[in-house]
Amino acid sequence: MKKWLLATILGVLALALAACGGDSSSSDDKKSSDEYTADKPLVIKFSHVTAQDSVKGKAADYFAQLVDEKTEGKVKVEVYPASQLYGDADELDALVSGNVHMIAPSVTKMVKLDPRWQYVDMPYLFESEEHVQKFFDSELAQDLFNSDQLAANDIKGMAFWPNGFKHFSNNKHPLVKPEDFKGLKFRTQAGQVLEAQFEALGAGSATIAFGETYAALQQGTVDGAENPFNNFDTMKFYEVQKYLSTTQHGRLDYAIFVNKSFWESMPEDLRAKVEEALAEATKYAQDLAAEENQKSFEKIKSLGTVEVYEMTDEERAALKEALQPVYDKFEDVITKELIDGIKALAE
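Summarised in this report is the structure supplied together with it. (Residues numbered from 1 in each chain as written. Predicted model: local features only at pLDDT ≥ 70, side-chain atom pairs only at ≥ 80, totals over all residues. Heavy atoms only, no water.)

### Observations concerning the overall build of the protein chain
Logical step 1: Across its full length, the protein chain carries 14 helices and 9 strands.
Logical step 2: A globule of 347 residues ought to have a C-alpha radius of gyration of about 20 Å, and the protein chain, at 21 Å, matches this closely.
Logical step 3: Among the 347 residues that make up the protein chain, the fraction classed as buried is 51%.
Logical step 4: Long-range pairs, those at least 24 residues apart, make up 76% of the contacts in the protein chain with a sequence separation of at least 6.
Logical step 5: In the form shown here, the protein chain has an accessible surface area of approximately 15500 Å², with 49% of it arising from carbon and sulfur atoms. (Helix = DSSP H or I, 4+ residues; strand = E, 2+ residues; numbered from the N terminus. Rg over C-alpha atoms; globule rule 2.2 N^0.38 Å. Buried < 20%, exposed > 50% of the residue type's maximum accessible area, 1.4 Å probe, protein only. Contact = heavy atoms within 4.5 Å. Areas by Shrake-Rupley, 256 points an atom, 1.4 Å probe, with all protein chains shown as cover.)

Okay, structure coming up:
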């Protein structure tokens with residue numbers, strides 16, 4: 001039985017016990033902040049899969065710095081970047097089991113708990129960075145964080161960290177028209193929506209962990225991938241890709257999730273300071289994402305190792321039309337309410 005499924009069962013039992021007055025977090029033996037010092041701090045293990053100099057990596061390190069300052073060393077955030085502890089496939093299980101306390105996955109990873117999280121993979125759903133931020137601040141986003149599915153798995157959603165719009169790259173030829181994708185094979189995250197996206201374009205896909213993508217591109221296991229500029233840059237995909245098109249077809253964003261039991265066991269005064277630090281780190285991540293993606297885009301163009309094709313609005317519109325079958329297939333799964341609600345935020 002998968003850990004997350006077992007956790008679902010245990011989570012339901014825990015909720016039932018809490019309803020009967022069995023919530024241990026309110027018991028007299030709950031630790032006080034006085035028990036923690038700079039020499040013996042409360043440790044929060046924060047695992048993520050991207051490079052330390054990526055947007056997520058920098059925001060995670062800034063969060064750790066803020067926590068240290070605000071708690072005067074009583075809380076220490078140990079950040080483990082670049083899949084040092086857990087990769088794409090197992091970081092969620094590690095969170096549920098309490099082996100780590102915080103993760104910042106691409107939100108599509110939450111599909112195993114709630115299919116609505118696949119909203120982020122829907123092609124051309126978001127029109128601009130401002131549109132994305134409106135969603136992050138909306139009740140629609142909070143509904144996802146407060147879902148029964150997360151609570152039953154002892155998970156608490158905390159914040160969204162943007163990364164950016166995705167763009168297609170490959171090693172064969174420039175990608176401009178829908179027919180240019182036919183016969184190519186792309187690395188993808190796990191997810192049926194992404195598989196359907198490539199199928200609609202006549203391309204193949206292979207689910208490969210993010211940390212293994214460079215080798216897969218280098219060895220020709222796949223022809224291409226889809227990434228925001230900053231990921232393309234910090235993971236040095238410019239060394240193993242020849243063509244990049246500014247398709248801006250989808251999003252790659254992250255969300256901060258914590259182990260709910262661990263989080264609520266923290267002394268309230270320390271937890272308040274940690275959450276204050278997270279709010280500041282989130283604002284930092286939001287401001288940093290656009291800046292870093294633009295810097296990375298300029299760097300990629302200046303290197304001369306990748307031929308960059310800057311798409312027109314008309315060319316993007318043709319891709320959008322070719323990808324309509326993805327909506328026909330998944331609108332009911334992700335729910336029309338969520339998709340239409342996101343679209344309405346652009347108005």
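### As for the packing of aromatic side chains
Logical step 1: Taken as a whole and judged by the stated rule, the model has 22 aromatic pairs.
Logical step 2: A network of ring pairs unites the aromatic residues Trp 117, Tyr 119, Phe 126, Phe 135, Phe 136, Phe 145, Phe 160 and Phe 257 as a single cluster.
Logical step 3: The residue whose ring lies beneath Arg 251 is Phe 165, and the NZ or CZ to ring-centre distance is 4.5 Å. (Phe/Tyr/Trp six-rings, centres within 6.5 Å; stacked < 30°, edge-to-face > 60°. Lys NZ or Arg CZ within 6 Å of the ring centre and 35° of its normal.)

### As for the pattern of salt bridges
Logical step 1: Going through the model one piece at a time under the given rule, you end up with 20 salt bridges.
Logical step 2: The salt bridge involving Lys 299 is made with Asp 233; its shortest N-O contact spans 2.9 Å. Of this pair, Lys 299 sits in helix H11 (residues 268-303) while Asp 233 sits in helix H9 (residues 229-234); the two residues are 66 residues apart in sequence, bridging distant segments of the chain.
Logical step 3: In the salt-bridge network here, residues are joined through shared partners; they are Lys 58, Glu 291, Glu 292 and Lys 295. (Salt bridge = Lys/Arg side-chain N within 4 Å of Asp/Glu carboxyl O.)

### Here we look at the environment of Ala 216
Logical step 1: You can see Ala 216 is positioned in helix H8 (residues 213-218).
Logical step 2: Sequence separation of Ala 216 and Ala 206 is 10 residues, and the distance between their C-alpha atoms is 9.9 Å.
Logical step 3: Residues within four places of Ala 216 in sequence aside, it is in contact with Ile 208, Thr 221 and Val 222.

### What to know about a negative patch on the surface
Logical step 1: On the surface, a cluster of negative charge is made up of Asp 34, Glu 35, Glu 268 and Asp 269.
Logical step 2: On the basis of relative accessibility, which here comes to 63%, the residue Asp 34 falls in the exposed class. (Patch = residues over 30% accessible without salt bridge, like charges linked within 9 Å, V, L, I, M, F, W, Y side chains within 5 Å. Lys, Arg positive; Asp, Glu negative; His and termini not counted. Charge placed at Lys NZ, Arg CZ, Asp CG, Glu CD.)

### Observations concerning the pairing of strand S6 (residues 204-207)
Logical step 1: As judged from the 4 bridges shared by strand S5 (residues 185-188) and S6, these two strands associate in the parallel manner. Paired with Phe 186 across the two strands is Ser 205, which belongs to S6.
Logical step 2: A crossover links S5 with its parallel partner S6, the connecting element being helix H7 (residues 192-200), and its sense is right-handed. (Pairing = 2+ DSSP bridges. Right-handed = clockwise from strand over helix to strand, strands pointing away.)

### Considering the side chain of Asn 230
Logical step 1: Here Asn 230 shows up in helix H9.
Logical step 2: By relative accessible area, which is 1% here, Asn 230 ends up buried.
Logical step 3: Once residues within four sequence positions are removed from consideration, Asn 230 is found in contact with Ser 54, Val 55, Glu 292, Asn 293 and Ser 296.

### Some points on the packing of helix H13 (residues 324-334) against helix H14 (residues 336-344)
Logical step 1: Running from N to C, H13 and H14 point in directions that differ by 105°, and their axes come no closer than 6 Å. Judged on the interaxial angle alone, H14 and H13 are roughly perpendicular. In contact with Tyr 327, Glu 331 and Ile 334 of H13, H14 contributes Lys 336, Leu 338, Ile 339, Asp 340 and Lys 343.
Logical step 2: Looking at the contact of H13 with H14 residue by residue, the class counts come to 4 nonpolar, no polar and 4 charged. (Axes fitted to C-alpha atoms, helices over the stretch in contact; angles between N-to-C directions. Parallel < 35°, antiparallel > 145°, perpendicular 65-115°, else oblique. Nonpolar A, V, L, I, M, F, W, Y, C, P; charged D, E, K, R; others polar.)

### Regarding the nonpolar core
In a soluble, globular protein the nonpolar side chains are often hidden away together inside.
Logical step 1: The biggest cluster of nonpolar side chains holds 48 residues, and the ones touching the most others in it are Trp 117, Tyr 119, Met 122, Phe 135, Phe 160 and Phe 257.
Logical step 2: Broken down by secondary-structure element, the contributors of at least two residues to this core are helix H3 (91-97), helix H4 (129-136), helix H5 (139-145), strand S4 (155-170), H7, strand S8 (243-259), H13 and H14.
Logical step 3: When residues no more than four places from it in sequence are discounted, the contact partners of Phe 257 are Leu 95, His 101, Met 102, Ile 103, Pro 105, Met 110, Trp 117, Phe 145, Leu 150, Ile 155, Lys 156 and Gly 157. (Core = buried A, V, L, I, M, F, W, Y, C linked by side-chain atoms within 4.5 Å.)

### A look at H4
Logical step 1: For H4, the set of buried residues is His 131, Val 132, Phe 135 and Phe 136. Seen from one end, H4 has its buried residues packed into an arc of 145°, which puts them on one side. (Arc of directions from axis to C-beta.)

### A few points about the environment of Arg 116
Logical step 1: In this structure, Arg 116 sits in the loop between strand S3 (102-103) and H4.
Logical step 2: Separated by 23 residues in sequence, Arg 116 and Glu 139 have C-alpha atoms that sit 14 Å apart.
Logical step 3: Those residues in contact with Arg 116 that sit more than four places away from it in its chain are Asp 143, Leu 144, Ser 147, Ile 334, Thr 335 and Leu 338.
Logical step 4: Within the structure, Arg 116 has its side chain in polar contact with the side chain of Asp 114 (distance 2.9 Å). (Polar contact = N/O pair within 3.5 Å; in protein donor to acceptor, adjacent residues only side chain to side chain.)

### As for the environment of Gln 133
Logical step 1: Within the element layout of this structure, Gln 133 appears in helix H4.
Logical step 2: Among the residues examined, Gln 133 registers a relative accessible area of 23% and is labelled partly exposed.

### Overview of the pairing of strand S2 (residues 75-80)
Logical step 1: The pairing of strand S1 (residues 42-47) with S2 spans 6 bridges and is parallel. Bridge assignment links Lys 45 to a residue of S2, and that residue is Glu 78.
Logical step 2: Each parallel crossover has a hand, and for S1 linked through helix H2 (residues 55-70) to S2 it is right-handed.

### A few points about unusual backbone geometry
Logical step 1: The residue Ser 83 is not glycine, and still its phi comes out positive at about 60°.
Logical step 2: Assessed through its relative accessible area of 26%, Ser 83 is described here as partly exposed.
Logical step 3: For Tyr 124, which is not glycine, the phi torsion reads 55° and is therefore positive.
Logical step 4: Relative to the helices and strands, Tyr 124 is located in the loop between S3 and H4.

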